[in-house]
Amino acid sequence: MKTKENMKGTVSKVLNLTHRIVPGYITFVFIVKLIAAAQPFVNIYFSSLILDGLFRMDSFESIFKNVLIMLCIDSVLILIRWGLELINWVKKHELTQKINKMLVDKTMDIDFDILEKHETLDMYKKAKDGSTAGGDIRGFIDNLAGIIEKISTIVYSLVLLIPLFIPLAENAENLTGLGFFLNQWYSFVVMLVVLAVHVFMSYKANKRSSELQMQFFEKNVSYNRYFGYWFNLIFDYSIGKYIRLYKMQKLMTKRVQETNDKLEEEGNAWIKKDIRNSMIPLLSQCFMQLASYAYVGLKAVFGLVSAGKCIMYVSSYTKLVESITGISSNFVQLKMQSRYLSFFYDYMEIKNKRYDGTIPTEKRDDNVYELEFRDVSFKYANSETWALRHV
């Protein structure tokens, strides 16, 4: 329950923030996804008409008419999509730059006493690295738009698949056994079971994959900090001269190599686990495709569907399964990205403890003031030596 509430809160925060800093970006993304969902079905539908026309030996004019209609609709959709994606490309980079500026502005505004704390630096590193790991606001919106695209694909697929499960009255009395079963409306239960098994297996695999990715990210943040620290020492002259003076090069190299080896070991372990995890949905997908071709192919054998419709139904069912599976994958990704974005929002919501107030001064007509400090003491952070003492 808490996870759902967190995701819902993240969706609201992301949409409000994006609309505020880049108006119109969300609308453009959603429109592009809707067009992208419709485009494949233009080819699927008209290809089935063209194929059936060829089998029926229709006239060249009739077949070519369908070809022209398909090409025209497809071309219009592609041109509209290209134009919108060009606008989106600009807005996408604008969004990224403004989000980065928010992080920089927040860092510049935080009091140094808070900023130098390990917890604050770690939070900033997670907020920054979370964006590069796919947990940025832009990726989150793309996932939301991806859900809209897949829902639209499901609707288009169902519209084309409905006739597949409507019994044919013609020659129905001649059908027996398997042919009779396939001509009944309840035969769709076979495809429904296959669909449910594949979606379940894919969801479990996607969930496990996101967990593995998140675990690697958590470790990667620390390793990147360590590696960056040791690597940057080389280019720091004030520290580098002592490294050379006291012959600490081998120690530095050893530290860098140890950190790199640990990161490489974790990365290889993550990849191996992810490959093993992806085998199950891959096998279930093969079984799903085999079942769909067998179901529709047997209907074609018994004369219940034409050759063109056979291709259309298989393609539509494949799109349907991919979309339902994709929605589960999108929700898993949104859950993971919500956790990434929580680092960003946690950092942005750090309360600044900078001291505010006023200094009483004598009002003068010439606006000329003199400030005098007494008993001033100061020492640098992480240093026990006083730079100034009772000055």
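Please read all numbers here as calculations on a predicted model, not as lab measurements.

*Asks:* Sorry if this is basic, but what is going on with the overall build of the chain here?
*Replies:* Helix and strand content of the chain: 11 helices and zero strands. Overall, the chain shows an N-to-C arrangement of helices and strands of α-α-α-α-α-α-α-α-α-α-α. When each of the 391 residues of the chain is scored for burial, the buried share is 35%. Sequence-distant contacts in the chain: of pairs separated by 6 or more residues, those separated by 24 or more amount to 82%. Approximately 25,000 Å² of the chain is accessible, and the part contributed by carbon and sulfur atoms is 62%.

*Asks:* Even after reading the chapter, I still don't get unusual backbone geometry, so can you show me in this structure?
*Replies:* Glycine aside, residues mostly have negative phi, and peptide bonds are mostly found in the trans state. Despite not being glycine, M57 has its phi angle at roughly 60 degrees, a positive value. Despite not being glycine, D375 has its phi angle at roughly 55 degrees, a positive value. Considering the arrangement of structural elements, one finds D375 in the segment after helix 11 (307-348). Residue class for D375 comes out exposed when judged on its relative accessible area of 53%.

*Asks:* When you look at helix 10 (residues 249-301) in this model, what are you seeing that I'm missing?
*Replies:* Compared with the 78 Å implied by 1.5 Å per residue over 53 residues, the 76 Å span of helix 10 between its first and last C-alpha is a close match. Positioned one or two residues after helix 10, G303 has a phi angle of 75 degrees, which is positive.

*Asks:* Explanation requested: a negative patch on the surface in the structure shown.
*Replies:* A surface patch of like charges, here negative, comprises E258, D261, E264 and E265. Topologically, D261 is positioned in helix 10. Judged by relative accessible area, D261 falls into the partly exposed class, the value being 36%.

*Asks:* What am I meant to see in the pattern of salt bridges here?
*Replies:* If the charged atoms of two oppositely charged side chains come close together, the side chains can form a pair. Within this structure, the stated rule accounts for seven salt bridges. With its nearest N and O atoms 3.8 Å apart, the salt bridge here joins D52 to K309. Taken together, the positions of D52 in helix 2 (residues 25-55) and K309 in helix 11 put the pair 257 residues apart, joining distant regions of the chain. With relative accessibility at 6%, the residue D52 sits in the buried group. A salt bridge links K101 to D105, with the nearest nitrogen and oxygen atoms 2.8 Å apart. With K101 and D105 both in helix 3 (residues 60-109) and four residues apart, this pair spans about one turn of that helix.

*Asks:* Hey, could you run me through the environment of K106 in this one?
*Replies:* Position of K106 relative to the elements: it lies in helix 3. Distance in space between the C-alpha atoms of K106 and I350 is 8.9 Å, their sequence separation being 244 residues. Contacts of K106, omitting those with residues within four sequence positions, involve Y347, M348 and I350.

*Asks:* Mind showing me how you'd approach the packing of aromatic side chains here?
*Replies:* A full pass over the atoms with the stated rule returns four aromatic pairs. Ring geometry for F41 against Y156: centres 5.6 Å apart, planes inclined by 65 degrees, an arrangement best described as edge-to-face. Here the residue F41 occupies a position in helix 2, and Y156 occupies one in helix 6 (residues 137-161), the gap between them amounting to 115 residues. The buried category is assigned to F41, whose relative accessible area is 7%. An angle of 80 degrees between the planes, with centres 5.4 Å apart, marks the rings of Y45 and F46 as edge-to-face. Its relative accessible area of 12% is what places F46 among the buried residues. Here the guanidinium or amino end of K13 rests over the ring plane of Y345, the centre of that ring lying 5.0 Å away. Just above the ring of W386 sits the side chain of R389; from NZ or CZ to the centre is 4.5 Å.

*Asks:* I'm lost on the packing of helix 2 against helix 11 in this one. Help?
*Replies:* When two helices pack together, their arrangement is given by the angle between their axes and by how far apart the axes lie. It is at 7 Å that the axes of helix 2 and helix 11 come closest, and there the two elements cross at 160 degrees. Comparing the axis directions of helix 2 and helix 11 gives the class roughly antiparallel. Helix 2 and helix 11 meet at a crossing whose hand is right-handed. Contacts between helix 2 and helix 11 involve P40, F41, I44, Y45, S48, L49, L51, D52 and F55 from the former and A307, G308, K309, I311, M312, S315, S316 and K319 from the latter. Each residue belonging to the contact of helix 2 with helix 11 can be placed in one class, and the counts come to 10 nonpolar, four polar and three charged.

*Asks:* Please clarify how a nonpolar patch on the surface should be interpreted in this entry.
*Replies:* A contiguous nonpolar surface patch, about 570 Å² in accessible area, is contributed by F180, W185, Y186, V189, V193 and V197. Among the elements that take part in the nonpolar patch, helix 8 (residues 188-233) stands out by supplying three residues, more than any other. Residue position: F180 is located in helix 7 (residues 178-182).

*Asks:* Hey, could you run me through the confidence of the model for the chain in this one?
*Replies:* The predicted coordinates of low-pLDDT regions are not to be read in fine detail. Here the chain averages 78 in pLDDT, while 84% of its residues score no lower than 70. Scored below 50 in pLDDT, residues 1-5 shows one contact in the model against residues more than four places distant or in partner chains.

*Asks:* Please explain the packing of helix 2 against helix 6 as it appears in this structure.
*Replies:* Put simply, helix 2 and helix 6 touch, their axes get as near as 9 Å, and they point 30 degrees apart. Considered as vectors, helix 2 and helix 6 are oriented roughly parallel to each other. The way helix 2 lies across helix 6 gives a crossing that is right-handed. Contact residues: helix 2 offers Y25, I26, V29, F30, K33, L34, A36, A37, A38, F41, I44 and Y45, while helix 6 offers R138, I141, D142, L144, A145, I148, E149, S152, T153, Y156, S157 and L160.

*Asks:* Please explain the side chain of N66 as it appears in this structure.
*Replies:* Within the element layout of this structure, N66 appears in helix 3. Assessed through its relative accessible area of 17%, N66 is described here as buried. With near-sequence residues (within four places) excluded, N66 lies in contact with F46, L49 and I50.

Cut-offs used in this document
Residues numbered from 1 in each chain as written. Predicted model: local features only at pLDDT ≥ 70, side-chain atom pairs only at ≥ 80, totals over all residues. Heavy atoms only, no water. Helix = DSSP H or I, 4+ residues; strand = E, 2+ residues; numbered from the N terminus. Buried < 20%, exposed > 50% of the residue type's maximum accessible area, 1.4 Å probe, protein only. Contact = heavy atoms within 4.5 Å. Areas by Shrake-Rupley, 256 points an atom, 1.4 Å probe, with all protein chains shown as cover. Expected span 1.5 Å × (residues − 1). Patch = residues over 30% accessible without salt bridge, like charges linked within 9 Å, V, L, I, M, F, W, Y side chains within 5 Å. Salt bridge = Lys/Arg side-chain N within 4 Å of Asp/Glu carboxyl O. Lys, Arg positive; Asp, Glu negative; His and termini not counted. Charge placed at Lys NZ, Arg CZ, Asp CG, Glu CD. Phe/Tyr/Trp six-rings, centres within 6.5 Å; stacked < 30°, edge-to-face > 60°. Lys NZ or Arg CZ within 6 Å of the ring centre and 35° of its normal. Axes fitted to C-alpha atoms, helices over the stretch in contact; angles between N-to-C directions. Parallel < 35°, antiparallel > 145°, perpendicular 65-115°, else oblique. Left-handed = near helix turned anticlockwise from the far one by under 90°. Nonpolar A, V, L, I, M, F, W, Y, C, P; charged D, E, K, R; others polar. pLDDT = per-residue confidence, 0-100.

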